[in-house]
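# Observations on the three-dimensional arrangement
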Amino acid sequence: FSYFCPAMEVKSRALVLHALKYGESQMIVDMLTREQGRVSFICYIPKTGKGKVKKQFFQPLTLLDLVYDYRPNRKLQRFAEIRISQPYCSLPFDAYKLSITLFISEFLTYATRSEQQNSHLFDYIERSLEWLDNVSHAFANFHLVFTMHLSRFIGFFPNLSNDVRGAWFDLRDGSFSLVCPPHGDYLNPKEASVIGLLMRMNYDNMHLFRMSQAERNRCVEIILYYYRLHVPNFPELKSFEVLKTLF
């Protein structure tokens, strides 16, 4: 017994998360699309560079406009049309911003692995990258704000209702507690205050929150541990090793 799954034409903006060379002239590309969430593609890359599909399209976090025939029974989709939606002005050329984008792309590869259509999530990421691309200074806390506030869109945004002096933060429940949680996944009152601090930060005011390199990196460690508790198979991020030497 077999059945036919008709193709459905999809037009969508998409964000490149990860690209892998496959064979001599093909690439497998994982993307977050606005219309369908996570979708993986396979495409042919001409060696001459004269084709419509170019290897440069698949740099991390490139924003693309796509048209593709979606086939539900196919793990790897194929492009019908593809073009860069809006070229970045500074992200690929500034060493500090580039290190952030490489971290963010690896982070999103795992944080959004099971995401289906979520236009609010996509729009948040797109607006955040546009902000980073246009700013010229005072963006050292960007990855802290971005990763913490992303949790709002994927289901485990911290509950701040008991954020009072001396409270513990239960990393499993994502909430503050007036007593020490009965397990090991918590922050003591001194470090728990960091969660409230991160929640008060946004792209416009984050330059007002002064942190040392050690304090900033500890915040990232807490955030990544929080994600590992809530996202299945969320690994250690290799790009964090580079990032923490710069910020």
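Residues numbered from 1 in each chain as written. Predicted model: local features only at pLDDT ≥ 70, side-chain atom pairs only at ≥ 80, totals over all residues. Heavy atoms only, no water.

## Remarks on the sheet that holds strand 2 (residues 26-33)
Basically, it comes down to this: Two strands pair under a simple rule: DSSP has to find at least two bridges between them. By the criteria applied, helices consist of DSSP H or I runs no shorter than four residues and strands consist of E runs no shorter than two, each listed in order from the N terminus. Each axis is a line fitted through C-alpha atoms, and for a helix only the stretch in contact is used; angles between axes span 0 to 180 degrees, taken between their N-to-C directions. In what follows, residue pairs with any heavy atoms lying within 4.5 Å of each other are defined as contacts.
One open sheet holds the 5 strands; their spatial order is 3-2-1-4-5, and the pairing between them is antiparallel. Of all strands in the sheet, those with a lone pairing partner are strand 3 (37-44) and strand 5 (79-84), marking the two edges. Recorded for the sheet is a direction-independent mean angle of 40 degrees between the axes of neighbouring strands. The pairing of strand 1 (residues 8-22) with strand 4 (residues 63-70) spans 8 bridges and is classified as antiparallel. If you follow Arg13 over to strand 4, its bridge partner there is Asp65. Where helix 2 (residues 119-134) meets the sheet, its contacts fall on strand 1, strand 2 and strand 4, and the angle it forms with strand 1 comes to roughly 60 degrees.

## Digging into the confidence of the model for the protein chain
The condition is simple: A residue's pLDDT is the predictor's confidence in that residue, given on a scale from 0 to 100.
Taken as a whole, the protein chain shows an average pLDDT of 93; of its residues, 98% reach a score of 70 or greater. For the protein chain, the element scoring lowest by mean pLDDT is helix 4 (residues 189-200), at 91; helix 2 scores highest, at 98.

## Quick notes on helix 1 (residues 95-111)
Turn by turn, an α-helix covers 3.6 residues, leaving residues three or four places apart pointing in a common direction. Heads up, the condition is: Helix span is expected to be 1.5 Å times the residue number reduced by one. Each residue is placed in one exposure class: buried if its accessible area under a 1.4 Å probe, protein chains only, is under 20% of its type's maximum, exposed if it is over 50%, and partly exposed if it falls in between. Any pair of N or O atoms that falls within 3.5 Å is considered a polar contact. Within protein, one atom must be able to donate a hydrogen and the other to accept it, and sequence-neighbouring residues count only if both atoms are side-chain atoms.
Given a rise of 1.5 Å per residue, 17 residues ought to cover 24 Å, and the 24 Å separating the end C-alpha atoms of helix 1 matches this to within 8%. Buried within helix 1 are the following residues: Lys97, Ser99, Ile100, Thr101, Phe103, Ile104, Ser105, Glu106, Phe107, Leu108, Thr109 and Ala111. Buried residues belonging to helix 1 abut strand 1, strand 3, helix 2, helix 3 (142-154), helix 5 (213-230) and helix 6 (239-246). A side-chain oxygen of the first residue of helix 1 lies 2.9 Å from the backbone nitrogen of Tyr96; this N-cap is Asp94.

## Here's the deal with the packing of aromatic side chains
Rules: Pairing of aromatic rings covers Phe, Tyr and the six-membered ring of Trp, with a centre-to-centre limit of 6.5 Å; geometry is then stacked below 30 degrees between planes, edge-to-face above 60, and tilted otherwise.
Under the counting rule described, the total for this entry stands at 22 aromatic pairs. Arranged with centres 5.5 Å apart and planes meeting at 75 degrees, the rings of Trp168 and Tyr186 form a pair that is edge-to-face. With Trp168 in strand 6 (residues 168-170) and Tyr186 in strand 8 (residues 186-187), the pair connects residues that are 18 residues apart, well separated along the chain. A residue is classified by how much of its surface remains accessible, and Tyr186, at 29% relative accessible area, is partly exposed.

## Some details on the side chain of Glu115
We apply this condition: The sign given to each residue is positive for Lys and Arg and negative for Asp and Glu; His and the chain ends receive no count. By definition here, a salt bridge exists when the distance from a side-chain nitrogen of Lys or Arg to a carboxyl oxygen of Asp or Glu is within 4 Å.
The residue Glu115 is located in the loop between helix 1 and helix 2 in this model. Arg38 is the oppositely charged side chain nearest to the buried, salt-bridge-free Glu115, at an N-O distance of 8.9 Å. Looking at Glu115, its side chain comes within polar contact range of the side chain of Asn118, at 3.4 Å. Not counting the four nearest positions on each side in its chain, Glu115 is found in contact with Leu32, Gln36, Gly37, Arg38, Leu121 and Ile154.

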